[in-house]
Amino acid sequence: MRVVSTDSRDPRGRFLRRLFLGIHVSVAAAFSVALAAGVWHGLAEVRPPRPKAKATVATCADDLGALRQELLARLASLATASSAALEGRSYEGWAVSFRGRVASARQRCSPPAESTLAEARSVDTAFRALLRSVDLSEVQATHWSRHLGPALDEAAAAIDETR
């Protein structure tokens, strides 16, 4: 007959289990804190600041025009950058902060101060159209950075090599 011990584990293993458990918990806690900090930072970039006084319809129209011009200028920079692929990738980060500025302007203009119902609807329609343009521009910038930009960079390098 064979006698089976109640504690068949090596006591040295207990120390190693505790050590590795401590390391695992430490890494998991650090990762969780880093993840929470990243989410908080990301929300702070997108979230508009506290609302200011309501803007007039004319101010809202000026803001919309300026935001649209900024979007167009940024899109134009895709074609004139030294590296089209890198410019397309940097556009993605710029788009996040741009959306924050659009959200801030929309907050001041929803509804505009002393506006009629038709004016308020017109301003809201303009903001929706601007945001739709930003959505489509991100699609274009992604296509640019992954496909067209690298091909244009390759063509530019080949042309420089022939010179």
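Rules and cut-offs
Residues numbered from 1 in each chain as written. Predicted model: local features only at pLDDT ≥ 70, side-chain atom pairs only at ≥ 80, totals over all residues. Heavy atoms only, no water. Helix = DSSP H or I, 4+ residues; strand = E, 2+ residues; numbered from the N terminus. Buried < 20%, exposed > 50% of the residue type's maximum accessible area, 1.4 Å probe, protein only. Patch = residues over 30% accessible without salt bridge, like charges linked within 9 Å, V, L, I, M, F, W, Y side chains within 5 Å. Areas by Shrake-Rupley, 256 points an atom, 1.4 Å probe, with all protein chains shown as cover. Salt bridge = Lys/Arg side-chain N within 4 Å of Asp/Glu carboxyl O. Phe/Tyr/Trp six-rings, centres within 6.5 Å; stacked < 30°, edge-to-face > 60°.

S.K.: Give a detailed account of the overall build of the protein, specifying residues and quantitative values.
M.R.: Helix and strand counts for the protein come out as 4 helices and 0 strands. Put simply, the protein runs from its N terminus to its C terminus through helices and strands in the order α-α-α-α. Residues counted as buried form 22% of the 163 residues belonging to the protein.

S.K.: Provide a residue-level description of a nonpolar patch on the surface, including the pertinent values.
M.R.: A contiguous nonpolar surface patch, about 610 Å² in accessible area, is contributed by Phe15, Leu16, Leu19, Phe20, Ile23 and Val27. Of the residues examined, Val27 reaches a relative accessible area of 53% and is grouped as exposed.

S.K.: Describe the packing of aromatic side chains, and please don't skip the residues or the numbers.
M.R.: Going through the model one piece at a time under the given rule, you end up with 2 aromatic pairs. Ring plane angle 40 degrees and centroid distance 5.2 Å describe the contact between Tyr91 and Trp94, whose orientation is recorded as tilted. On the criterion of helical spacing, the pair formed by Tyr91 and Trp94 is a turn pair, its members being 3 residues apart in helix 3 (residues 84-108). Summarising the burial analysis for this pair, Tyr91 and Trp94 share the class buried. With centroids separated by 4.7 Å and ring planes inclined at 20 degrees, the aromatic side chains of Trp94 and Phe98 adopt a geometry described as stacked. Of the two residues, Trp94 and Phe98 both sit in helix 3, 4 residues apart, roughly one turn of that helix. Considered together, Trp94 and Phe98 belong to a single accessibility category, that of buried residues. Linked through ring pairs, Tyr91, Trp94 and Phe98 together constitute an aromatic cluster.

What is shown is where atoms sit, not what they do.
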